[in-house]
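# Observations on the three-dimensional arrangement
These are the residues of each chain, in order.
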Amino acid sequence: MKTQIISIISLVLFTIQTAMALPTETSIKTAFSGRITDAETNKPLPAATIYFPEIRVGALTNDQGNFEIKNLPASKLTIQISLIGYQSITKSVDLRQMTSMDFALSESVTEISEVVITGQPGLIEQKRTPALIVVVPHTALLQSSSTNIIDVLAKQPGVSQITTGAGISKPVIRGLSYNRVIVINNGIRQEGQQWGDEHGVEIDEYGVNHVEILKGPASLAFGSDAMAGVINMISAPTLPMGTINGNVTTNFQTNNGLIGYSANLRGNQNGFIWDARLSGKRAHDFQNDIDGWVDNSAFRENAASTLLGLNRAWGFSHLTLSLYNLKPGIVGGGHDHGDEETDHDQEEERDSRSYQPEAPFQEINHYKAVWDNKLYLGEGRLDASFGFQQNNRKEFESANEYGLYFKLNTLSYDLKYALATNNNWTLTCGIGGMWQQSRNEGTEFLVPAYQLFDLGIFAIAHKQIGAFDFSGGLRYDRRHTHSDALYLNSDEEVTAANDPEATERFSDFDQSFDGISGSLGVSYQISETLYTKLNLSRGFRAPNIAELGSNGNHEGTFRYEIGNPELDPETSFQIDWGIGLDTKHVSAELNLYNSQVDNYIYSHKMYNTAGTDSLIDDISVFKYTGGKANLYGGELFIDIHPHPLDFLHFQNTLSYTRGTLANQPDSSRNLPMIPPMRWQSEIKVDIKKVTNRLQNAWVSFGIDHNRKQDHIFSAYGTETEAPAYTLLNASFGTDFTANDRTLFSLYISCNNLTDKAYQSHLSRLKYTGLNEETGREGYFNMGRNFSFKLIIPILSGSGNYR
C-alpha cells in the first residue's frame, strides 16, 4: 500500500507545481458590474443575488440595483441571477470580452429552475440535465424541524432514512442504502464505516448550505458505490470581497428536550477568506404514547470546522478542517444483561431526562481535512481535491470499557480537467479514488482489519443543440482489498498463528474488482413550460468488507453474520424517464425508473446438516450471497400556485418503490428495507411583508401518509409488516426587521400534531426484541414534537446565495 500512498502524494505535489507554474494570462484580473431591474416596472431590485458557481463568488445588489464584483478570472464563466419571487437567469459570460451587463428579472413562482453541478461536466440548469437531480435549498433546511441532516432530506420524494433512534440516520434513495449511496461533503466522499446498520453520517447539520440529490447510477464522477445515487452536501459560497458575516442559530425541541446551537463567523478580505463554525446538540430520551420514555435514546453531538483560503484571478485554493463527535445511547442494549446486577440497577436509576447516555453506548469521533483547488489553465480548468479522514468508532459495554473499536483512515484524491466550452460542448475528464486502512483496536471483532485502494478514470460530456441537451460518459474503476488474518486463543484474546490454542477468526485474503459505469441521456424542452428527459445508466459496486469478510455477532441485527470472499461485484442497468411542467399556476414533475441489479448482495440464513437453523452462541447464522434484483417505481411532484395568488402553494408528492429478488420463494422474494408508498401534502402561505417589522413570513400545514408495507422479506422473521399511519404537521416563521435589517428569524413547527403512535418500517428500533414493559415488539417512533428555532445575525453583510 506504500506505493498507492506515494502516488497520492505525487498528485498533491503535481497540483502545487501546476499552481506555481500558471501562465501569466490566467492571472489577469477583471471585474464584472451591472444593474438588475424589474422587467415590467424597470425599477431597481435591491438584494438580488449575483453568483458565479464555478468559483463560488457572488454579491448582492445595493438599493439602486447595482453590483460590482472584482478580482475575477478572465475566463468564460456561468453567472446566475436570482431573487425570491422572480424567475432566475442563468447564462454563460466571457469575461475576456465583457465587463458589464444589465439584467431584467420577471416575476415568477416557478420552482424547477436551479443550476446543478453534481455528477455533471459543468453547470447545467436542473430541468435541462437528463439525470434526475433534486435541489434542497438553504431555506428548506432552515425551515425544517429535524434531529440530523439526513432527517431533513428524508422529506424529499424518493428519499427516506434507516433510523436508530433520533440521533442516527442512514440515507435511502429509492430503496437502496448503505454502501450503495455516496455522501459528498466539502467536495469529497464521506467515509465512516457505511456498512454498519447503526452507522450514521458524521456531518454537522448546521454547516450545510444546500443539498443536491442525484438519483440513480448516472454519476460518473464519484466511482464505485454510487449505484443508488449521490447526496452532495454543499457549504455556503464565498462572501463578496470586504465582507464579514456571522450568525448564531439555536434550536429547542420539546419531545426529547433537544438543545442545539451553532455559531458561525466568515469573511473575505482582499481575496483571503475564512469560515469558522462551532456547533452542538444535546437530547435526552424521546417519548411516545405507547412506550413512554424510550430508555437510553439520549445522544450528544459536537462539531467544529474552519476554512482558510485564497480567491484569486487564477482560481481558488481552500483548506477545510473539521471534527465531529457523536455519543448515542444504544436502545434495548441492556436486554441481554438483565442478570447483571450492576447494569440492572444502573438502568433503573437512570433519569429519562438526563442528557448523558449510559452504557451501552457508542462514541464516534470523525476528523477530516480537505484541500480543494480550482485552477484556470489557459481556456481550461483543473479541479483538484485531496482529503484525509479518520473515523474512530467505539461501542462501550460499560462506562469505561469498550468492546468494539474500529479505526478507519482514508486518503482520497480527485482530479478533473474541464476543457474550454466550444459550440455548446462541455467535456470533463478525470481520475479519482481513495486509499483506506481499517484496524480493530478493541476486544470484540465483527469485520477484519483491511487495506483498500481504488482508482477510477472517467470522461463526461454535454452538448446542447437547440431545445435538446445530450449528456453521457464512461468510467472505469478498479478496487483492491486486502484482509488481515486474525487468530484468537481460548480466552478470545488476539494471539499468533503458531499458538497451539489459536483459532482463526478472520482469514487473510486479497480481492480485486473492476467494472465499467456509463450514462447516456437526453432532455428536450418541448416548450418554455414543458420538458421531458430520458436517461440510461449502468452502475458498479464492489462488495464491502462486511460482505466479504465478516465473522461475528452483529449487534442490533440479532444475527451472526459470515462474509463471502467469493462475491462478485454488483452491476446495474437503469432506465429513468421524466416529464415536467413549469407555469405561472403549476409546477409539476413525474419521474419513473426501472433498475435491474445483477449479483445483488444480501444475507441468507444457514442450515446445519440436520436441516435446522445453524446457530453460534444460540444466534442464527446468516451468510452473504448474491442474486438478481429488480427495483422500480417513481415520484410525482405537484405544486399549485395560482396566479395572481402567488403567495399560496398547495404542494403534493407521491413516492413509490418496489424491490424484488428473482428465483426466490414468496417469503424471500421482496427486498428488505424497502420504504412504503408515501404521500405528502402541504398548504403553505408566503407573506413577503406582514408589517414593517415582520417580513418573509410563512405558515404551513401538512399531511404525511405512509401506506401499509406488506411487501416484506418475511423469511426467518427478518421483517414484519408495518401498518399504515398518517402524521399531521404544522409550522410558521418570520423575520423580525428594523431599518431594512433582519434582527432575528424565528421558526416554530410541530411534527406529529396528534401524537400518533407509529412504527416506521425503516426504524431499526422496531426489531430490538420484546419490550417487556409494553408487551410489544420493539419501540415506536417519536411522538408529538414542537421545535423552536432562532437565528440571529451578528454582523451585517451578504451571505446566502441559494
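Residues numbered from 1 in each chain as written. Predicted model: local features only at pLDDT ≥ 70, side-chain atom pairs only at ≥ 80, totals over all residues. Heavy atoms only, no water.

## Topic: the sheet that holds strand β7 (residues 103-105)
- With mixed pairing, the three strands of this open sheet are ordered in space as β4-β1-β7. Every interior strand has two partners, whereas the edge strands, β4 (66-73) and β7, have only one. Taken over all neighbouring pairs, the strand axes of this sheet differ in orientation by 30° on average, direction set aside.
- Note that strand β1 (residues 29-38) and β7 share three bridges and pair parallel. Bridging from a neighbouring strand, T37 pairs with A104 of β7. (Pairing = 2+ DSSP bridges. Helix = DSSP H or I, 4+ residues; strand = E, 2+ residues; numbered from the N terminus. Axes fitted to C-alpha atoms, helices over the stretch in contact; angles between N-to-C directions.)

## Some thoughts on the sheet that holds strand β14 (residues 188-189)
- The strand order across the open sheet formed by five strands is β10-β15-β16-β13-β14, and the pairing between neighbours is mixed. A single partner strand is all that each edge strand has here, and the edge strands are β10 (133-136) and β14.
- In the sheet, strand β13 (residues 181-185) pairs with strand β16 (residues 229-234) via five bridges, with the strands oriented parallel. Across the sheet, I184 pairs through a bridge with N232, a residue of β16.

## Here we look at the packing of aromatic side chains
- Across all of its chains, the model carries 13 aromatic pairs by this definition.
- Pairing Y413 with F453 gives two aromatic rings, centres 6.4 Å apart and planes at 20°, and the pair type is stacked. Note that Y413 is positioned in strand β26 (residues 401-418) and F453 in strand β28 (residues 450-465), a separation of 40 residues in sequence. Neither Y413 nor F453 differs from the other in exposure class; each is buried.
- Aromatic pair F468 and Y524: ring centres 4.4 Å apart, planes at 20°, arrangement stacked. Taken as a pair, F468 in strand β29 (residues 468-483) and Y524 in strand β33 (residues 509-525) lie far apart in primary sequence, 56 residues in all.
- Under the relative-accessibility criterion, F468 is labelled partly exposed at 36%.
- You can call Y524 partly exposed: its relative accessible area is 31%.
- Members of the aromatic cluster, connected to one another through ring pairs, are F361, F396, Y402 and Y405. (Phe/Tyr/Trp six-rings, centres within 6.5 Å; stacked < 30°, edge-to-face > 60°. Buried < 20%, exposed > 50% of the residue type's maximum accessible area, 1.4 Å probe, protein only.)

## Section: the environment of D289
- Relative to the helices and strands, D289 resides in the loop between β20 (287-288) and β21 (292-293).
- Each C-alpha atom of the pair D289 and R776 lies 13 Å from the other, and the pair is 487 residues apart in sequence.

## Overview of the nonpolar core
- Among the nonpolar cores identified, the biggest contains 31 residues, and L141, L153, V211, I213, I231, M233 and Y600 are the most heavily contacted of them.
- Listed by contribution, the elements that provide at least two residues to this core are β10, α3 (149-153), β13, β15 (210-215), β16, β38 (586-605) and β40 (619-640).
- Looking at this core element by element, the count peaks at four residues for α3.
- The residues touching I213, leaving out its near neighbours within four places in the chain, are L132, I133, V134, V136, Q156, V159, I173, V230 and I231.
- Listed in part, the 23 residues of the second largest apolar core include I36, F67, M101 and Y376. (Core = buried A, V, L, I, M, F, W, Y, C linked by side-chain atoms within 4.5 Å. Contact = heavy atoms within 4.5 Å.)

## Section: the side chain of S160
- Along the chain, S160 falls in strand β11 (residues 159-163).
- Excluding residues within four positions of it along the chain, S160 makes contact with A154, K170, P171, V172, P675 and L762.

## What about the confidence of the model for the protein?
- For the protein, the average pLDDT comes to 87, and 90% of its residues sit at 70 or higher.
- Confidence drops under a pLDDT of 50 for residues 798-802, and excluding neighbours within four residues, the segment shows 29 contacts in the predicted structure. (pLDDT = per-residue confidence, 0-100.)

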